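Structural description and commentary
Here are the chains, one letter per residue:
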Amino acid sequence: MDDIVRFHEVCKSFGDVQILKGVSFSVGRGQVVALIGRSGSGKTTALRCINGLETIQAGQLHVCGREMHSNTVDLLALRQEVGIVFQSYNLFPHLTVLQNVTLAPRKVKGMSRKHAEDLGMQMLQKVGLEERANYYPEQLSGGQQQRVAIARSLAMEPKLMLFDEVTSALDPQLTGEVLRVIERLAQDGMTMVLVTHEMAFARSVADQILFMHQGVVWEHGNSDLLSRPATPELQQFVANGL
Amino acid sequence: MLGISFDQIGFILEGMGWTLVLSLMGFVGGALAGLPIALALSRGGRLLRSVTGAYVQLIQGIPLPVIMFLCFFGISIAGFDLPSLVAAGLAMTAYASAYLGEIWKGCIQAVPRTQWEAAECLALRPLQRVVHVILPQAVRIAIAPTVGFLVQIVKNSSYAVVIGFFDLTYSARVVNNSTFKPFVVFTLAALLYFAICYPLSSLAYRLEKRLGRR
């Protein structure tokens with residue numbers, strides 16, 4: 001079993017509203033999985049379950065060999081292995097770019113400042129922002145901030161990266177620069193789960209595309225899925241989206 | 001000069017010194033107790049929140065002079081004879097901690113929830129999230145209202161006169177009793193309070209403008 005993430009009949013409700021109604025899928029090592037679907041279909045909730053930001057109420061969810069459905073799961077240990085990047089970047093505004101990237105390696109992993117800064121500069125290089133190391137987040141464009149957020153997650157050297165609509169707040173040009181970074185990560189063999197509205201991108205980068213609808217995985221397949229949707233729901237979604 | 005002597009002015013200035021001492025005690029004590037109160041109010045569990053909330057409500061619902069009396073006479077009934085400086089310092093601490101706790105709670109809550117989430121997702125421990133991510137941002141928000149509250153502390157320290165604490169108000173009253181020049185004496189006291197408070201409030205105003213621009 002080389003699955004990094006395995007959902008089995010996972011359910012999640014917020015109060016009376018059931019968001020996930022038995023979601024099942026798995027993500028193999030090195031795979032890139034794109035979650036698509038309308039807003040409210042449960043894709044972001046499913047993603048947030050993977051690193052324990054939401055707890056599941058029924059079913060089983062394994063992440064990096066841990067049982068997320070058990071009460072004893074060690075979230076701090078899990079989060080060292082699972083990075084997440086948010087739609088709204090969520091950089092720390094009082095820290096410089098380099099300090100944002102080195103905070104967790106220093107405080108969580110106990111790295112020396114020098115070691116962490118070397119690592120941080122490497123990660124910034126990966127996202128093409130090494131010359132912005134000493135800027136503050138507010139001095140950067142949205143696309144640059146999002147690339148810093150990616151570098152910040154990568155600095156923890158995760159086994160799995162989650163991306164939650166990371167380009168939704170960006171204009172097309174800035175979207176392009178962020179997507180190129182993610183593409184490069186995919187080429188490097190990073191395991192990734194991305195919630196995205198960029199259909200062309202999902203098609204080009206994802207090994208597996210999952211169409212979520214009404215709280216379940218409605219349809220799934222490889223990148224051809226979008227060219228040959230089987231259900232009317234996905235047909236309609238693709239027709240509206242492209 | 002205007003019917004009061006230099007010695008008497010010196011006496012009033014001495015009282016002003018003790019006003020500063022008491023204000024400082026109130027601020028330092030209030031800050032030390034106010035920070036845990038703010039954290040408990042903003043991040044504590046239900047029990048902790050309701051206990052600290054009750055404390056804040058209680059202190060805010062009692063006039064400061066009554067708190068002064070309680071500290072001064074209440075504690076001496078319990079068998080400890082406190083100098084009025086200690087009693088006044090305790091009362092100011094209780095008073096300042098309730099208000100600073102409430103002010104700082106708001107500042108902590110003003111840091112977006114997503115910042116906690118981002119810190120959590122980087123595997124920072126709860127205390128690390130507070131120390132490295134939340135407090136540095138909350139402090140920036142808190143500076144202006146905190147300096148503003150300092151003005152309240154300085155002015156309200158004058159209530160310590162009710163337990164016979166020798167401060168600016170007390171010394172002015174003593175000088176008035178011997179000179180019968182209330183207008184001169186209390187105008188002088190008012191000017192001295194203003195001399196302490198005005199720089200603080202204009203600093204608060206400037207900080208608010210500067211930090212608001214960011």
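These numbers come from a predicted model, not from an experiment. (Residues numbered from 1 in each chain as written. Chains lettered and ligands numbered in written order. Predicted model: local features only at pLDDT ≥ 70, side-chain atom pairs only at ≥ 80, totals over all residues.)

Taken together, the contact pairs 14 residues of chain B with 17 residues of chain A. If you list the elements that add at least two residues to the side of chain B that touches chain A, you get helix H5 (113–121) and helix H6 (126–156) of chain B. A per-class count over the side of chain B that touches chain A returns 7 nonpolar, 5 polar and 2 charged. (Contact = placed C-beta atoms within 7 Å. Helix = DSSP H or I, 4+ residues; strand = E, 2+ residues; numbered from the N terminus. Nonpolar A, V, L, I, M, F, W, Y, C, P; charged D, E, K, R; others polar.)

Attention now moves to the packing of helix H1 (residues 6–43) of chain B against helix H7 (residues 168–179) of chain B. All names here are of chain B. The interhelical angle for the contact between H1 and H7, taken along N-to-C directions, is 160°, at an axis separation of 7 Å. In terms of orientation, H1 and H7 fall into the roughly antiparallel class. Listed contacts from H7 to Gln8, Phe11, Ile12, Glu14, Gly15, Met16 and Thr19 of H1 are Leu168, Tyr170, Ser171, Ala172, Val175 and Thr179. For the contact of H1 with H7, the per-class residue count stands at 7 nonpolar, 5 polar and 1 charged. (Axes fitted to C-alpha atoms, helices over the stretch in contact; angles between N-to-C directions. Parallel < 35°, antiparallel > 145°, perpendicular 65-115°, else oblique.)

This brings us to the environment of A:Arg152. All names here are of chain A. The topology assignment puts Arg152 in helix H5 (residues 142–154). Arg152 gets classed as buried once you count the C-beta atoms within 10 Å, which come to 31. Setting aside residues no more than four positions away along its own chain, Arg152 makes contact with Asn100 and Val101. (Buried ≥ 20, exposed ≤ 12 C-beta atoms within 10 Å, placed from the backbone.)

Turning to the nonpolar core, a few remarks are in order. By size, the foremost hydrophobic cluster in this structure holds 124 residues, and its most contacted members are A:Leu35, A:Ala151, A:Val193 and B:Ala91. Broken down by element, this core gets its largest block of residues, 14 residues, from helix H4 (residues 84–109) of chain B. With sequence-adjacent residues up to four places away left out, A:Leu35 is seen in contact with A:Lys43, A:Ala46, A:Leu47, A:Val193, A:Leu194, A:Val195, A:Leu210 and A:Met212. Counting residues in each nonpolar core, the second largest holds 9 residues, with B:Met16, B:Ala172, B:Val185 and B:Ala189 among its members. (Core = buried A, V, L, I, M, F, W, Y, C linked by C-beta atoms within 7 Å.)

Turning our attention to helix H3 (residues 64–77) of chain B. Because an α-helix completes one turn every 3.6 residues, residues spaced three or four positions apart along the sequence face the same direction. Residue and element names in this part refer to chain B. In this model H3 runs 20 Å from its N-terminal to its C-terminal C-alpha over 14 residues, within 8% of the 20 Å that 1.5 Å per residue would give. Among the structural elements, H4 are those in contact with the buried residues of H3. Count one or two residues on from H3 and you reach Gly79, which has phi positive near 105°. (Expected span 1.5 Å × (residues − 1).)

As a further point, take the sheet that holds strand S2 (residues 17–28) of chain A. Read across the open sheet, the 4 strands follow the order S2-S1-S4-S5 (chain A); overall the sheet is antiparallel. Strand pairing shows two members of the sheet lacking a second neighbour, S2 and strand S5 (66–67) of chain A, which therefore form its edges. (Pairing = 2+ DSSP bridges.)

What follows covers the pairing of strand S8 (residues 191–195) of chain A. Residues and elements named next belong to chain A. Counting buried residues in S8 gives 5 out of 5 residues, a clear majority hidden from the surface. Here S8 shows two buried faces, one formed by Thr191, Val193 and Val195 and the other by Met192 and Leu194. The pairing of strand S3 (residues 32–36) with S8 spans 4 bridges and is parallel. Opposite Val32, over in S8, you have Met192 as the bridge partner.

The next thing to look at is the sheet that holds strand S6 (residues 82–85) of chain A. All names here are of chain A. If you walk across this open sheet you meet the 6 strands as S6-S7-S8-S3-S9-S10, and the pairing is mixed. Each edge of the open sheet is held by one strand with a lone partner, namely S6 and strand S10 (216–221). This sheet shows a mean twist of 20° between the axes of neighbouring strands, independent of strand direction. Direction of pairing for S6 relative to strand S7 (residues 160–164): parallel, over a ladder of 4 bridges. Within S7, the residue paired with Gly83 across the bridge is Met161.

What follows covers the confidence of the model for chain B. Across chain B, the average pLDDT comes to 91, with 98% of residues at 70 or higher. This prediction of the complex comes with two scores: 0.83 for pTM and 0.89 for ipTM. (pLDDT = per-residue confidence, 0-100.)

Let us now look at unusual backbone geometry. Residue and element names in this part refer to chain A. We note that Tyr89 has phi near 60°; this positive angle belongs to a residue other than glycine. Note on Tyr89: 24 C-beta atoms within 10 Å, which makes it buried. Within the chain, Glu157 stands out as a residue other than glycine whose phi angle is a positive 50°. As for its position among the elements, Glu157 is in the loop between H5 and S7. A tally of 13 C-beta atoms within 10 Å means that Glu157 is categorised as partly exposed.

Below, the discussion takes up the pairing of S10(A). Every other side chain in a regular strand lies on the same face of the sheet, so the side chains alternate between the two faces. All names here are of chain A. When strand S9 (residues 208–213) meets S10, the two strands line up antiparallel, connected through 5 bridges. Across the sheet, Leu210 pairs through a bridge with His220, a residue of S10. Here S9 folds back onto S10 in antiparallel fashion, the turn holding 2 residues, of which Gln214 has a positive phi close to 50°.

Let us now look at the confidence of the model for chain A. Close inspection of predicted coordinates is inappropriate for parts of the model with low pLDDT. In this model, chain A carries a mean pLDDT of 91, and residues with pLDDT of at least 70 account for 99%. No element of chain A has a lower mean pLDDT than helix H8 (residues 232–241) of chain A, which averages 84, and none a higher one than helix H3 (residues 97–107) of chain A, which averages 95.

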